[in-house]
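Report on the structure
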Amino acid sequence: MDFRIFTEPQQGASYDELLAVALRTEQLGFDGFFRSDHYLRMGDGDPGYGPTDAWTSLAGLARDTSRVRLGTLVSSVTYRLPGILAVQVANVDAMSGGRVELGLGTGWFAEEHAAYGIPFPKRRFDLLEEQLAIVTGMWATPAGARFSFEGEHYAIVDSPALPEPAQDRLPVIVGGLGEKRTPRLAARFADEHNLSFPTFDRIRPLFAALDRAIEVEERTRPVVRSVAMVACVGEDEATVARRAAAIGREPAELREHGIAGTRAEVEDRLGALADDGVERVYLQTLDLTDLDHLDELAAFTGTAVE
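The following refers to the structure shown. (Residues numbered from 1 in each chain as written. Predicted model: local features only at pLDDT ≥ 70, side-chain atom pairs only at ≥ 80, totals over all residues. Heavy atoms only, no water.)

The element strand E9 (residues 192-196) is extensively covered by neighbouring structure, given that four of its five residues are classed as buried. When strand E8 (residues 172-175) meets E9, the two strands line up parallel, connected through three bridges. Across the sheet, residue Gly-175 finds its bridge partner in E9, namely Asn-194. You can see the chain leave E8, run along helix H6 (residues 181-189) and come back into E9, and the turn it takes is right-handed. (Buried < 20%, exposed > 50% of the residue type's maximum accessible area, 1.4 Å probe, protein only. Helix = DSSP H or I, 4+ residues; strand = E, 2+ residues; numbered from the N terminus. Pairing = 2+ DSSP bridges. Right-handed = clockwise from strand over helix to strand, strands pointing away.)

Below is the structure:
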């Protein structure tokens, strides 16, 4: 099992604050630093600097970090046209030396679309399927060849499909908690299927749905199985309570839904997740000013390096 730090900068974080977390993530030995792709704070509170664009900030992090993998969990199909998205992600991949991954989803937060004038159509799963086909199709197009696509929502005509990513295969993550269409899209297009904030009793059934979809697709290449869960840990109960209060949550609720508590509790929870087939955990860290929290997460998960 490997571990990645997952942040929500729309809650209030400048690029410099984001960079400090990414650098500590890298120094501690975590596998990746990922961020949400949102343009509006959720809930009450100080929005701070305001939103940072996901792929703009990841471009900066690509140059300001050296090892950690970078990506979105997840970008919304409503924000960018698929051809432009393919170019942006390939650019950032080159800037990072081949460390980028693309998480792509339907989008759900209607209020942020209204706040920034972004269209919010109803049939977003159709958009997701076509965008996945276009982005992966463009990246798989050999040098000198052309890529075309005709769908209900998008048409690509004789695209040179450039630039190519630095990686031979840039990983694509499909996230969602559905049992039908989401696992089918993951089996067809993705390198990883992510369950974002599932209840613990839903993990095995959702991965079983992925297994069925993989069988239907007759896919032989493996799909990484991951979860994203809120993290709130501490060496003692007082520290856990303090960190929970800092993000406006209750310790009992965090224990029920996330990776929370003292070292022994975290080890037990991670063991149960491994038994459910989880191979990768995205640790959602909501207080980006608490860098010591990252230190304890690294220690509790066995990620810390000397």
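In this section: the packing of aromatic side chains. Tallied over the full model, the rule gives five aromatic pairs. Ring plane angle 75° and centroid distance 5.0 Å describe the contact between Tyr-39 and Tyr-79, whose orientation is recorded as edge-to-face. You can see Tyr-39 sitting in the loop between strand E2 (32-35) and helix H2 (54-64) and its partner Tyr-79 sitting in the loop between strand E4 (75-76) and helix H3 (82-96), a full 40 residues away along the chain. For Tyr-39, a relative accessible area of 17% gives the class buried. Among the residues examined, Tyr-79 registers a relative accessible area of 15% and is labelled buried. Among the aromatic side chains, those forming a connected cluster through ring pairs are Tyr-39, Tyr-79 and Tyr-116. The ring of Phe-200 has Arg-269 sitting right over it, with the charged end atom 3.7 Å from the ring centre. (Phe/Tyr/Trp six-rings, centres within 6.5 Å; stacked < 30°, edge-to-face > 60°. Lys NZ or Arg CZ within 6 Å of the ring centre and 35° of its normal.)

So, about the environment of Pro-171. Relative to the assigned elements, Pro-171 resides in the loop between strand E7 (155-159) and E8. With a relative accessible area of 16%, Pro-171 lands in the buried category. Linking Pro-171 and Gly-71, residues 100 residues apart in sequence, is a C-alpha distance of 9.6 Å.

A few words on helix H7 (residues 203-217). Counted at 1.5 Å a residue, the expected span for H7 with its 15 residues is 21 Å, and the 21 Å between its end C-alpha atoms agrees. Positioned one or two residues after H7, Glu-218 has a phi angle of 55°, which is positive. (Expected span 1.5 Å × (residues − 1).)

This part takes up the packing of helix H1 (residues 15-28) against H2. Running from amino to carboxyl end, H1 crosses H2 at an angle of 45°, the nearest separation of the two axes being 11 Å. Judged by the inter-axis angle, H1 sits oblique to H2. For the pair H1 and H2, the crossing hand works out as right-handed. Contacts from Tyr-15, Leu-18, Leu-19, Ala-22 and Leu-23 in H1 reach Ser-57, Gly-60, Leu-61 and Asp-64 in H2. (Axes fitted to C-alpha atoms, helices over the stretch in contact; angles between N-to-C directions. Parallel < 35°, antiparallel > 145°, perpendicular 65-115°, else oblique. Left-handed = near helix turned anticlockwise from the far one by under 90°. Contact = heavy atoms within 4.5 Å.)

That is the geometry; function is a separate question.
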